[in-house]
Each structure stands twice: as C-alpha cells, then as structure tokens.
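What the coordinates show
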2 protein chains.
Amino acid sequence: MNDLLAKLQQCLGEGGYLGQDEVHQRPAGWGLEEPCQALAILRPQTTDEVSKVLALCYEAGQAVCVQGGMTGLVRGGVATSDEIVMSLERMREIEAVDTVGRTMTVQAGVPLQRIQEEALEQGLFFPLDLGARGSCQIGGNVSTNAGGNRVIRYGMSRNLVLGLETVLADGTVLSGLNRMVKNNSGYDLKQLFIGSEGTLGVVTRVVLRLERRPKSHSTALVGVESFEKLLGLLSVMEDDLGPQLSAFEVMWKSFYELVTSGPARTPPPLAYKWPYYVLIEVLGSERVRDAERFDEVLAEASDKGFLSDAVIGRSRRERDGLWAMRDDIEQLDRLGPHFTFDISLPIREMNAYVNGIGRSLEARWPEVKWVVFGHLGDGNLHPVVGVGDASPAARQAVEEIIYDPLQQIGGAVSAEHGIGLEKRAYLSRSRTPQEIDLMRRLKRALDPKGILNRGRVFEI
Amino acid sequence: MNDLLAKLQQCLGEGGYLGQDEVHQRPAGWGLEEPCQALAILRPQTTDEVSKVLALCYEAGQAVCVQGGMTGLVRGGVATSDEIVMSLERMREIEAVDTVGRTMTVQAGVPLQRIQEEALEQGLFFPLDLGARGSCQIGGNVSTNAGGNRVIRYGMSRNLVLGLETVLADGTVLSGLNRMVKNNSGYDLKQLFIGSEGTLGVVTRVVLRLERRPKSHSTALVGVESFEKLLGLLSVMEDDLGPQLSAFEVMWKSFYELVTSGPARTPPPLAYKWPYYVLIEVLGSERVRDAERFDEVLAEASDKGFLSDAVIGRSRRERDGLWAMRDDIEQLDRLGPHFTFDISLPIREMNAYVNGIGRSLEARWPEVKWVVFGHLGDGNLHPVVGVGDASPAARQAVEEIIYDPLQQIGGAVSAEHGIGLEKRAYLSRSRTPQEIDLMRRLKRALDPKGILNRGRVFEI
C-alpha cells in the first residue's frame, strides 16, 4: 500500500497528491459533517496523469472513488476508508469554442456555471441548468446524466454531449472527441459513460453542443384548480408554444406554502387558494412578439378554465424572483429531519400516486410533514418527507412507501439523481434481473478488477 | 445443421420458417439483383419466438443475420450463404399509444410510415422521416440510429426512443420498455443497441417518444451566392426561427441541376445561377402568424445578402413539390454507375473539403460526374460520384479520395447510414484502435460466440 501511495505521489508531484492530514480536512460530501476517509486524494492535471495513476491503481487492485463537484445527492462520491479519491478539480480549462459548429471542448473539472457564462460571452447558450451550477462540474454532470430545469426542451445531459474523452480502469485513454451532431461510425461508446456514475470509466474531456442564445425569456406563475386541469394546461402550453416551452415546474400547494412563508424571503405571489402552482418558462426567438404571444396563450388557457390565477414576471428581476422562490430548497429544513426523493412515473398515473403515498404516510405517521414538487412535463417528481426521525429504520419505512407503488406503474426510483450508494437496494424495483446482470457484465468487461466507484449503482 | 434447421422449423411453425426455395426467391438486399443466399429465413411472430430460436442458434454457434425492411445502404443486412436470416417482418403490431405521456409502443417490424400515420391519427407527430419510410421498419431505424431530414430539430432515432425490448444472442430477453423522459435508474442499456447495427442484440419492441403535431409548415427554396453566405443564412435561420427550424437541406448546383432537368419531373423553381440551393422547412405552432414570420426572416436574410433568390411553397402541393424535387434520387442513375457516400464533418471545414475532393476526382478522372447534397445544419453531406466504372478497384480509389481528408479534420466515414460490411475497412479512419478494441470487448461480453450480424461494423 505505502509503495503504491509513494508511486502515486511521485507521479503527480506537488499539489497533485493529498495525504491523510489534508484528506481529513475535507468533508465526506455535500452537506455531510463527517470528514473524508480516503487513503489519499489524487488531483491529476492532465489526461495523461489520470491514465498513469489509474494504471498504477489497477495494477495494485486499488479501489478508486472518482469525485467531481461533490453535489450529488445519492452518496455516489462519498469515499470509504479503503479507497483512494481521484478528484478532477484541477482539470478546469475551457479548451476551445467553435462558434460556427456550436461546440465547446472542456476539461472535466470545469464548473457548470463557467460553461454557461463562457457560452453567453460567445453569443451562444448552454442550456443545462440546476441549483448546484456554481459547484458541480461538467464531468460529474455527464457521468450522472444530470437533468435540471430545462429538460422538457433541451433534454438531459446525454443530449448535450457530442464527444467524450474517458480513461478506463486500466489507464487506457479513449479519445472520442467527436464534434458532429451525426456520427454513426461504429458503436457510440460515449453513451456507456454517460449516466453510469463513474463505474465504467473516468470522464476527462467533453465536447458540448451549444445552442443559439434565446432572444426572449417569459416566465409566469399560475394557480390551477385540479390535476385534470393541470394536464390540460400542459397540453395547451405544449401545443401553442411548441418547442419554445422550456420549463413546466409544478409545486403542490404544500411546497408552495413552504417556500412563500416566513422565514422564506419570497412573499406569496399568488394566494393560497389552489392545489397546484406552476412555474412556466418560455425561451423565444422574437423579442417583442414573444411576450404578447405568451400573454395570449395564458389568456386562452384561462378561458378554457385550465388556470385560475396568474402572475407574469415582466422584468428580469421579477422573473428571477419567481425562480428564486421555486429554488429556495433550504426551506425544506423546516420539515425537520427529512428524506428527499427523485422519482419518475407516467404523467397519467401521477395524481393517484401522490394521493396514495400521502394516505400511506399519514396513516403511518399522523404528524408527517411532506411536500411535492417537480418537473411535471418530464414525469419527474421530488417528494420530500419528514417524519421527525432520521434513523435508518425510518428512512427505510419511508422509502418503501415511496418506491413500492412505482414498480406496478412502470415508474423509476431515480429520474435524475442516479443510484449511487443510497438507492442501490432499490435498483431492482426499476430494473429486471436480466438488466442488472447485463450491467454487471458490462462492468466486468470494462473494469475486470472492479476498481472504479466500486459498489456504486449495484454490488459487483 | 439439418438438425438445427428442423428444430427451428418446429419452433416457428407454418409461415415462420422459409427453406431454400423460398430463400432464393428473395433478393439479397435493396436494389440488389442477386438472390438471398441464406440457409433459411426465420420469421418469428413474438418476442418469445425470437428468444427461443436465438437460443437454439446460439447453442449451435450458428451465425444469424438480422433483417428489417432491407433499405440500408451499407450491406449490413445482406446475408451470406452460411448464415440464417431472422426477419422481424411478422412483428408488425402497434401495441399502445399514450396520448398524455406521448408515447407509442410498437413491435420491431412496423414500417416507419405506419407509425407516422398512427401518430397523426392520434393528433400527435412522429418526426423521424426518410425516403425509405414506406419500407423501412422501426427496428432497423433504431438499430442503425437512422437520421433523415429533421435531425436539426428532433435529433437522430436515438433521441426518439424511450424504451427498448431486446433479445441477446443467447436468447435472454431484456425488457426495458421505459416510458419516461427521465430515468437514471442504473445504466441506460438501450443505448448499447441503438446504432450498433444488430451486432449486440435483436430489437423486438420499441417505446417511441411522440411530439406535438405542428400547426404550420413553411417551406422555401433559396439560391445562395457563396459558402460564406450559406453559413450566414444558416445562422440567421437558427437565430430567428429557433427550434422551429426543422430542415436546412443544401444542394450544390450540380445536384440541383440533376434533379430539375429532364427526365426529372420537376422543372427548376429557380434559375441555374447560384452555386448553392437550400430547402428550408419550418414547423411552427401558430397557423397564421408563422407564415408571416417566415417571410420576414427570409426578407431579413435577403437584406443581409445571405440569399439571392427564393421561392416559397405556399400550398401543401407546392411544398410537397419542393421536397419531391430534393428527394428524386433516381436521377442519380444519370451519373452512370456511381458510389454514394454519407459523411459528416465540422461545418467550417466543409467548403474546403468539397473543393478538395472535387480537385482530386477531376485530376484522376477528367470525365467524372459528381454531385453533392446533404443536411448542412447537421454537418452531414452526401457526395455521389460516377467515374464510368463500378469495379471494386474504382470504388476503392474513389473511397480513398472521399475518406482520406476526413481524418485530419475530425470527420466521420458514416453520418447516418452506419458501417455494415461496406465501410468496415474505413472504420479506423474515424475511430482510434482503443475505441475499436472496446467495441470488440463489448461484442464479446454480449455475444461471446459472435453469432449476431457477424462481421458487420468490424471483424470480430
């Protein structure tokens, strides 16, 4: 072991290797109080360094935990005491922007927000967006196939990646920095590494697809009387706004009350009269006309009875205010100790599902506090449940209630957060034994010694 | 062998098994005069039958060639005399349409056009479209990651698939009929089978993502003075029309002349004055306003000098006429024996590339006839070259000229047609040895005996 550590240290030089003292000064993960427990933290600066240190670890059969911005929510990047951490934090260069082909080539450790800003500076737009934008890194976004607020229009991370450079467990560098929208020359290998949570290879560089910069933003918050009307509203919005509809974020009343009552900073833009509130965003390509059109479509939806109340964010400040309200997830702490979920299910099953889990939770814990919000257009909900008890037993009891009904309706235990360690026990609720067997087969084919993010997603 | 054939016949019953006589009555492939050479043709009707016959073949180590609608252009589905053909032609049921979740579940043998029509009947839209729509089958579209005319807006087949049921070489059924836009529950296994040309598994059922039906179609043909202006035009269209721009099909003058001069049925809508002609399509969501907006954007492009001449398809008949002209690829026969290519390359390299291959072709064959057309917005070009000689030696000489310069500029030898048998020798121009090695590793992991579409894409 000491021999391996000495070789790794030699390989990475000053600043590239952190020993025990420095390891323990870092937290184990986002929002966790316990310190990091790894044997060492490796901080390579180049793909070549990633390759060399992985080859050494592979030869020694040493488990490696790959870390990006550490903002994941399923403990995928939390290292154990027998692992070595590889952090991509020093690979943070934006290497190239092609404004004609609309691509950006970046190293894995670049924070999402820097990519968004660089795209805007070049007159273009990178649509991936999530609350952790300032801390999360693009390598992690890609490895976990991050979703976020604009999936309804632009898709998940998978849709925004044209090319990938990855390093396999044994140090082999796979150079697949494709820059074209269309390339059917052999297997599309990058798909293996997107969303497999670092278990099949380490993403070192990414070619991203950039979009045109939208010329107009329109945002509204609306109140809706029933779930049926919510579906009607979504239908009108999709039908009349077409692909310009970029977000359709639903808040059940419980969540809306939480983020608009003190100590939350935003007073309620609409009265507490409706069971559902929806934040609607449209990104258009005609500055003046788009706002008029948005008003027309909202008026039409109102005439049809699909919405009962609305406030439109006219200025940038007003629009940002509506989003800040929706994003104020710190208010969830007012539920007491709580568990956050990330599930997807067919939209037509959603109402019965939410009512069903509500009944089960309230039967079991009469004092339960629970709220629901999510990306309705994508079939993605985030129930958050506080039962006054954060013990593993309580967690498991809540998990059973949330996950149990999903299997029958074809739902998924993870929509956008991934499996990591936290949901591993529930993978079989969403996937068949044959599928999980094939995942293992792939793991063995790409990482025969099982050194990369061992035990994440499934037990090997 | 006879033992295996007897078992297969027994398994599939009447109509499910075609012996030698019937095999020889079928052509080997689309546009080929030679008869099919396979040992037998299997025509399973259910996933269970696919599984059973594959298990038998796998046990016997018998090579199987999987066939869809046989409209592929790279000889991927052309069977050899030691193979058994498995055709999905009897699995042609549309099983379910969910108009709320906007999904359609279909069997692999359903022709693309039936899916398009069913979607329209349900008030929805399936955007995948290509010339072979009446004959090609969705299983083949998915297995080859088909592209077509609307990739600029809707993406390739990969983007339109939510779930897949596949059968592995050994008969294992992988049931991954996911219906949700977001599902990060473990590896996204369907990605393995999309675009791997039937070498890793047989697609038996597909869950497709449907789109809203557009409310307006606008189509124009324009003439452009230079390649620089062509890029300016694309930029204005993308910028002003946003995601409503659904096609930007460029014809080099040589191609335009071919499809608008006798015996072609369409007289030239614009004079032969320009080096480039572009067919532009916009799918919008406001019936009246969209046509006005399209006119405005074209006028703006004209004011900026990006287009020099234009004709707008006002009626459905006029629009269809413009597309029929572009799709009249039978005129290519007037080049004499010819070779058709399907390449992609960064847009900013395109002009120099096309001029370069032109110089090389004309230097080698002063009498060469060659045309170029393609999906410019996707970086996808189709050069078609006739040198008066269809011999393998002539083919190879032309291929060298087309493929050689691609490697240096990061282009690809296949954009949307795949590799099959025809381009296998050139795979290494687009992919690294490490990538091809990983493809082989995947093949061995999923099909250790190498029975499925053996030798397609790469030699195993």
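Predicted model, so just to flag it, every value in this text is computed and none were measured. (Residues numbered from 1 in each chain as written. Chains lettered and ligands numbered in written order. Predicted model: local features only at pLDDT ≥ 70, side-chain atom pairs only at ≥ 80, totals over all residues. Heavy atoms only, no water.)

Attention now moves to the overall build of chain A. The helix and strand tally for chain A stands at 16 helices and 19 strands. Taking 23 Å as the expected radius of gyration for a compact globule of 460 residues, we find that chain A reaches 23 Å, a close match to that expectation. Expressed as lengths along the three principal axes of its C-alpha atoms, the size of chain A is roughly 70 × 55 × 45 Å. Looking at chain A residue by residue over its 460 residues, the buried ones come to 61%. Considering only contacts in chain A between residues 6 or more positions apart, those separated by 24 or more positions represent 71%. Surface exposure of chain A reaches about 17000 Å², of which carbon and sulfur atoms provide 46%. Both charge centroids of chain A, one from 51 positive and one from 61 negative side chains, sit 3 Å from each other. (Helix = DSSP H or I, 4+ residues; strand = E, 2+ residues; numbered from the N terminus. Rg over C-alpha atoms; globule rule 2.2 N^0.38 Å. Buried < 20%, exposed > 50% of the residue type's maximum accessible area, 1.4 Å probe, protein only. Contact = heavy atoms within 4.5 Å. Areas by Shrake-Rupley, 256 points an atom, 1.4 Å probe, with all protein chains shown as cover. Lys, Arg positive; Asp, Glu negative; His and termini not counted. Charge placed at Lys NZ, Arg CZ, Asp CG, Glu CD.)

What makes a disulfide is a covalent bond joining the sulfur atoms belonging to two cysteines. Residue and element names in this part refer to chain A. One pass over the full model with this rule turns up 0 disulfides over all chains. As a non-bridged cysteine, C136 has C65 as the owner of its nearest cysteine sulfur, 17 Å distant. Of the residues examined, C136 reaches a relative accessible area of 3% and is grouped as buried. (Disulfide = S-S within 2.5 Å.)

Turning to the side chain of E281(A), a few remarks are in order. Residues and elements named next belong to chain A. Mapped onto the elements, E281 comes out in strand β14 (residues 276–284). For E281, the side chain forms a polar contact with the side chain of R150, separated by 3.3 Å. Side chain to side chain, E281 and S246 meet in a polar contact 2.7 Å long. Excluding anything up to four places from it in sequence, E281 contacts R150, H217, S218, T219, Q244, L245, S246, A247 and W323. (Polar contact = N/O pair within 3.5 Å; in protein donor to acceptor, adjacent residues only side chain to side chain.)

Glancing now at the packing of aromatic side chains. Residue and element names in this part refer to chain A. Counting across every chain of the model gives 20 aromatic pairs over all chains. Here F341 and Y403 contribute two aromatic rings whose centre-to-centre distance is 5.6 Å and whose plane-to-plane angle is 85°, an arrangement assigned as edge-to-face. Residue F341 is found in the loop between β16 (339–340) and β17 (343–344), and its partner Y403 is found in helix α14 (residues 392–408); the two are separated by 62 residues along the sequence. Note on accessibility: F341 and Y403 belong to one class, buried. By way of ring pairs, the aromatic residues F227, W252 and Y276 are connected into one cluster. The aromatic ring of Y58 is capped on one face by K449, whose charged end is 4.8 Å from the ring centroid. (Phe/Tyr/Trp six-rings, centres within 6.5 Å; stacked < 30°, edge-to-face > 60°. Lys NZ or Arg CZ within 6 Å of the ring centre and 35° of its normal.)

By size, the foremost hydrophobic cluster in this structure holds 242 residues, and its most contacted members are I280(A), F248(B) and I280(B). When neighbours within four sequence positions are excluded, F248(B) is seen to be in contact with I152(B), L230(B), L233(B), L234(B), M237(B), V278(B), L279(B), I280(B), G374(B), H375(B), L376(B) and G377(B). (Core = buried A, V, L, I, M, F, W, Y, C linked by side-chain atoms within 4.5 Å.)

Glancing now at the relation of the copies chain A and chain B. For the pair chain A and chain B, the best superposition has an RMSD of 0.0 Å and corresponds to a rotation of 180° with a translation of 0.0 Å parallel to the axis. The symmetry that links the two subunits is that of a two-fold axis. A shared interface surface links the copies, since 99% of the contact residues of chain A are contact residues in chain B too. (Least-squares fit on C-alpha atoms with pLDDT ≥ 70 in both.)

The subject of this paragraph is the sheet that holds strand β2 (residues 41–42) of chain A. All names here are of chain A. Pairing within the open sheet is mixed, and its 4 strands lie in the order β1-β2-β4-β3. The sheet is open, and its two edges are formed by β1 (17–18) and β3 (64–67), each paired on a single side. With 2 bridges joining them, β1 and β2 adopt antiparallel strand pairing. Paired with Y17 across the strands is L42, a residue of β2. Packing against the sheet, helix α3 (residues 47–60) makes contact with β2, β3 and β4 (84–87), and its axis sits at approximately 165° to β4. (Pairing = 2+ DSSP bridges. Axes fitted to C-alpha atoms, helices over the stretch in contact; angles between N-to-C directions.)

So, about α14(A). Residues and elements named next belong to chain A. If you check α14, its first and last C-alpha atoms are 25 Å apart, about what 17 residues at 1.5 Å a residue would give, namely 24 Å. The sharpest bend along α14 comes to roughly 25°, located at E400. Of all the residues in α14, the buried ones are A394, A397, V398, E399, I401, I402, Y403 and L406. Taken together, the buried residues of α14 touch β16, β17, α13 (350–364), β19 (380–386) and α15 (427–430). (Expected span 1.5 Å × (residues − 1). Bend = angle between axes of the 7 residues up to and from the residue.)

A few words on the pairing of strand β8 (residues 161–167) of chain A. Residue and element names in this part refer to chain A. Burial of β8 is extensive: 7 of the 7 residues sit out of reach of the surface. Bridge count for β8 against strand β10 (residues 202–209) is 6 bridges, and the pairing is antiparallel. Opposite G163, over in β10, you have V207 as the bridge partner. Strand direction decides the pairing type here: β8 and strand β9 (residues 173–176), joined by 4 bridges, are antiparallel. Bridge assignment links V167 to a residue of β9, and that residue is V173.

Turning our eyes to something else, we now look at unusual backbone geometry. In this chain, G262(A) is followed by P263(A) through a cis amide linkage whose omega measures 5°. With respect to the element layout, P263(A) can be found in the loop between α10 (253–259) and β14. Positive phi is not limited to glycine here, since N145(B) has a value of about 50°. On the secondary structure map, N145(B) appears in the loop between α5 (138–143) and α6 (151–154). Judged by relative accessible area, which is 5%, N145(B) ranks as buried. Look at V457(B): it is not a glycine, yet its phi comes out positive at around 70°. Tracing the backbone through its elements, the reader meets V457(B) in the segment after α16 (433–446).

Before going further, it helps to spend a moment on the environment of A169(A). All names here are of chain A. Mapped onto the fold, A169 is located in the loop between β8 and β9. When its relative accessible area of 0% is taken as the criterion, A169 is described as buried. The spatial distance from the C-alpha of A169 to the C-alpha of V64 is 9.1 Å, given a sequence separation of 105 residues.

This brings us to the packing of helix α9 (residues 227–241) of chain A against helix α11 (residues 287–303) of chain A. The packing of two helices is summarised by the inter-axis angle and the distance between the axes. Residue and element names in this part refer to chain A. Remark: α9 packs on α11, axes separated minimally by 10 Å, with the N-to-C direction vectors making an angle of 145°. Regarding α9 and α11, the two cross each other, and that crossing is right-handed. Of the residues in α11, those in contact with L233, V236, M237, D240 and L241 of α9 are R293, F294, V297, L298, E300 and A301. (Left-handed = near helix turned anticlockwise from the far one by under 90°.)

Further remarks concern the pattern of salt bridges. Two side chains carrying opposite charge are able to pair once their charged atoms lie near each other. Residue and element names in this part refer to chain A. Counted under the stated rule, the structure contains 82 salt bridges over all chains. A salt bridge links E281 to R150; its shortest N-O distance comes to 3.3 Å. In this pair, E281 sits in strand β14 while R150 sits in the loop between α5 (138–143) and α6 (151–154), placing the two residues 131 residues apart along the sequence. (Salt bridge = Lys/Arg side-chain N within 4 Å of Asp/Glu carboxyl O.)

We now examine the interface of chain A and chain B. Contacts between the two partners involve 92 residues from chain A and, on the opposite side, 91 residues from chain B. Here chain A and chain B share an interface that buries about 7000 Å² over both sides, 52% of which is from carbon and sulfur atoms. Between the two partners, chain A and chain B, sit 20 salt bridges. Residue R102(A) is joined to E238(B) by a salt bridge in which the shortest nitrogen-to-oxygen separation is 2.6 Å. Our count for the chain A to chain B interface comes out at 51 residue pairs in polar contact (both at pLDDT 80 or more). (Buried area = accessible area lost by both parts, 1.4 Å probe.)

Residue and element names in this part refer to chain B. For helix α13 (residues 350–364), with 15 residues, the first-to-last C-alpha span of 21 Å sits near the 21 Å given by 1.5 Å per residue. Looking at α13, one finds that the buried residues are M350, Y353, V354, G356, I357, G358 and L361. Against the buried residues of α13 lie α9 (227–241), β13 (245–252), β17 (343–344), β18 (369–375), β19 (380–386) and α14 (392–408).

Let's shift gears to the sheet that holds strand β9 (residues 173–176) of chain B. Residue and element names in this part refer to chain B. Strands sit in the order β5-β6-β10-β8-β9 across an open sheet of 5 strands; the sheet is antiparallel. Strands with a single pairing partner mark the edges of an open sheet, and in this sheet they are β5 (94–98) and β9. Taking the axes of each pair of neighbouring strands and ignoring which way they run, one obtains an average angle of 15° across the sheet. Two strands pair when backbone bridges link them, and β5 and strand β6 (residues 103–107) are joined in this way by 4 bridges, in the antiparallel orientation. Bridge pairing links A96 to T105 in β6. Against the sheet, helix α4 (residues 112–121) touches β5, β6 and β10 (202–209), its axis set at about 145° to β6.

This part covers the environment of S285(B). Mapped onto the elements, S285(B) comes out in the loop between β14 (276–284) and α11 (287–303). Linking S285(B) and I329(B), residues 44 residues apart in sequence, is a C-alpha distance of 31 Å. Apart from residues lying up to four places away in sequence, S285(B) is in contact with D239(A), D240(A), L241(A), G242(A), R293(A), K215(B), S216(B), Q244(B) and D290(B). From its side chain, S285(B) meets the backbone oxygen of D240(A) in a polar contact 3.3 Å long.

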